[in-house]
Amino acid sequence: MKQIEVVAAIIHDDEGRIFATQRGYGDMKDGWEFPGGKMEPGESPEEALKREIWEELETRIVIERLVQTVEYDYPKFHLKMHCFWCHIESGRLTLKEHEASRWLSKNQFDCVDWLPADRIVVEKIKEQARRHKNMAAIHSKDTKPEMIVRRGLWKRGFRYRLNSPKLPGHPDLVLRKYRTCVFVNGCFWHGHHVEVKSEKGEVKSERGEVKSSECCKIPRTNREFWVAKIRRNQERDTEEQKRLAEMGWHCITVWECELKPSKREDTLTSLAYTLNRIWLKDHAVVGQPYPDFEEEGANYLKAAEE
Ligand SMILES: [Zn+2]
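Residues numbered from 1 in each chain as written. Predicted model: local features only at pLDDT ≥ 70, side-chain atom pairs only at ≥ 80, totals over all residues.

S.K.: Give me the overall build of the protein: which residues, what numbers.
M.R.: When helices and strands are counted, the protein shows five helices and 11 strands. The burial tally for the protein puts 25% of its 306 residues in the buried class. Of all intrachain contacts in the protein linking residues separated by at least 6 positions in sequence, the fraction that spans at least 24 positions is 65%. (Helix = DSSP H or I, 4+ residues; strand = E, 2+ residues; numbered from the N terminus. Buried ≥ 20, exposed ≤ 12 C-beta atoms within 10 Å, placed from the backbone. Contact = placed C-beta atoms within 7 Å.)

If you want it as structure tokens, here you go:
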């Protein structure tokens, strides 16, 4: 049987929706599919996909990873389809060849009549989403680094508010009495010990220059995408902490790697020490009595932290 090798783009947005197109021609007209098309001789799947999406949708995409290569026997040919998880770099998904398109949210994945091979991919995406959800549940609040800091401070007598929505950056913990916001940062997402700028403050190129660190290993695949993402997060962190400082807040960042079992107690002790020093500095006027500790009393979160 004739074999056809094609590539397809599962274009997603930040809300987890995926982009489906309806075929406007041929035997399988009106069926829903992921956009893409045939590979040309000498092309890599990634090159073919970028070209196809440009031709079909006038849109540039960033390819993140291969989701699945589907093999399917249609009546007249055998299809081999490489499906990639992608997002939009630029462009508006203008339909040049398809007759319709839809953004489908997670609970709408089954709302359209997918072509048989594409349906297999949809099932795969659903399965991955389920697994992701399970993983997220396993790494749920109780085991998160943030929880270690909360328990550690609570045990040492500190009281705090959580994720204050009114403050820039929604700090993980807010200790008003200490005028301090505590951020508990994941080393990967926030690029711990990763320099995306040179000493002169110039942005380094995304290809080779940015080096991984012990606790932030930047993936080799799609390196540029990850570096850009980490850079954005770092810039946002700096900006938010600057705004907090202008509002009179101290900011303390606790890194995930500092909460490893071997370092945890030292980190928490040093955090408590820093907080106490801040408080003492604020109340260093001789002869002045300490203010009432109950100032915020009942308003504090009374959740059982232990
Ligand atoms: Zn780290």
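Once the structure has been displayed, the description carries forward.
S.K.: Which residues make up helix α5 (residues 261-282), and what values do they have?
M.R.: The first and last C-alpha atoms of α5 sit 33 Å apart over 22 residues, in line with the 32 Å expected at 1.5 Å per residue. Within α5 the residues assigned to the buried category are Leu268, Leu271 and Leu275. Buried residues of α5 fall within an arc of 60 degrees about the axis and therefore sit on the same side. α5 presents Ser262, Lys263, Glu265, Asp266, Thr269, Tyr273, Arg277, Leu280 and Lys281 as exposed residues on the side facing more than 90 degrees away from its buried surface. Elements that come into contact with the buried residues of α5 comprise α3 (145-155), β9 (173-175), β10 (180-185) and β11 (250-255). (Expected span 1.5 Å × (residues − 1). Arc of directions from axis to C-beta.)

S.K.: Any details on the nonpolar core? Residues and values, ideally.
M.R.: The biggest cluster of nonpolar side chains holds 27 residues, and the ones touching the most others in it are Ala8, Ala9, Ile10 and Phe84. Element by element, the count of residues in this core is highest for strand β1 (residues 2-11), at six residues. Discounting chain neighbours no more than four positions away, the residues touching Ala8 are Phe34, Pro35, Gly36, Met81 and Cys83. Within the second largest apolar cluster, 20 residues are counted, among which are Cys181, Leu244, Leu259 and Leu268. (Core = buried A, V, L, I, M, F, W, Y, C linked by C-beta atoms within 7 Å.)

S.K.: Quick one: what's the story with the sheet that holds strand β2 (residues 18-22), residue by residue and with numbers?
M.R.: Strand order in the open sheet formed by three strands is β3-β2-β7, with antiparallel pairing between adjacent strands. In the strand order of this sheet, the two ends are held by β3 (32-33) and β7 (100-104), each with one partner. In this structure, β2 lies alongside β7, joined through five bridges in antiparallel fashion. Its bridge partner lying in β7, Ala20 is registered against Arg102. (Pairing = 2+ DSSP bridges.)

S.K.: Go over α3 with me, naming the residues and quoting the values.
M.R.: Considered for burial, the residues of α3 that qualify are Pro145, Glu146, Ile148, Val149, Arg150, Gly152 and Leu153. At its buried positions, α3 is contacted by β9, β10, β11 and α5. A positive backbone phi angle near 90 degrees is found at Gly157, which sits one or two residues after α3.

S.K.: Talk me through the environment of Ala9; I want residue IDs and the actual numbers.
M.R.: Assignment of secondary structure puts Ala9 in strand β1. With 27 C-beta atoms packed within 10 Å, Ala9 lands in the buried category. Sequence-wise, Ala9 and Ala20 are 11 residues apart; in three dimensions their C-alpha atoms are separated by 9.5 Å. Setting aside its immediate chain neighbours within four residues, Ala9 contacts Phe34, Pro35, Gly36, Leu49, Ile53, Ile61, Phe84 and Cys86.

S.K.: Could you give an account of the sheet that holds strand β6 (residues 77-91), naming the residues involved and the relevant values?
M.R.: The strand order across the open sheet formed by four strands is β4-β1-β6-β5, and the pairing between neighbours is mixed. Each edge of the open sheet carries a strand with a single partner, namely β4 (36-38) and β5 (59-73). On average, adjacent strands in this sheet sit at an angle of 20 degrees to one another, irrespective of strand direction. Helix-sheet contacts for helix α1 (residues 45-57) involve β1, β4, β5 and β6, and the interaxial angle to β5 is about 110 degrees. (Axes fitted to C-alpha atoms, helices over the stretch in contact; angles between N-to-C directions.)

S.K.: Which residues make up the pairing of β1, and what are the values?
M.R.: Note on strand geometry: in a regular strand, side chains alternate between the two faces of the sheet. Sheet topology places β1 next to β6; 10 bridges connect them, and they run parallel. Note that in β6 the partner of Gln3 across the bridge is His78. The sheet contact formed by β1 and β4 spans three bridges and is antiparallel. Residue pairing in the sheet places Ala8 in a bridge with Gly36 of β4.

S.K.: Describe unusual backbone geometry, naming the residues involved and giving the relevant values.
M.R.: We note that Glu58 has phi near 50 degrees; this positive angle belongs to a residue other than glycine. When you line up the elements, Glu58 lands in the loop between α1 and β5. At Arg179, a position not held by glycine, the phi torsion is positive, near 45 degrees. Along the polypeptide, Arg179 turns up in the loop between β9 and β10. In this structure Arg179 comes out as partly exposed when scored by C-beta crowding, with 17 C-beta atoms within 10 Å.

S.K.: Outline the environment of Thr94, supporting the account with residue identities and numerical values.
M.R.: With respect to the secondary-structure elements, Thr94 resides in the loop between β6 and β7. Residue class for Thr94 comes out exposed when judged on the 10 C-beta atoms lying within 10 Å of it. Residue contacts for Thr94: discarding those within four places in its chain leaves Leu57 and Glu58.

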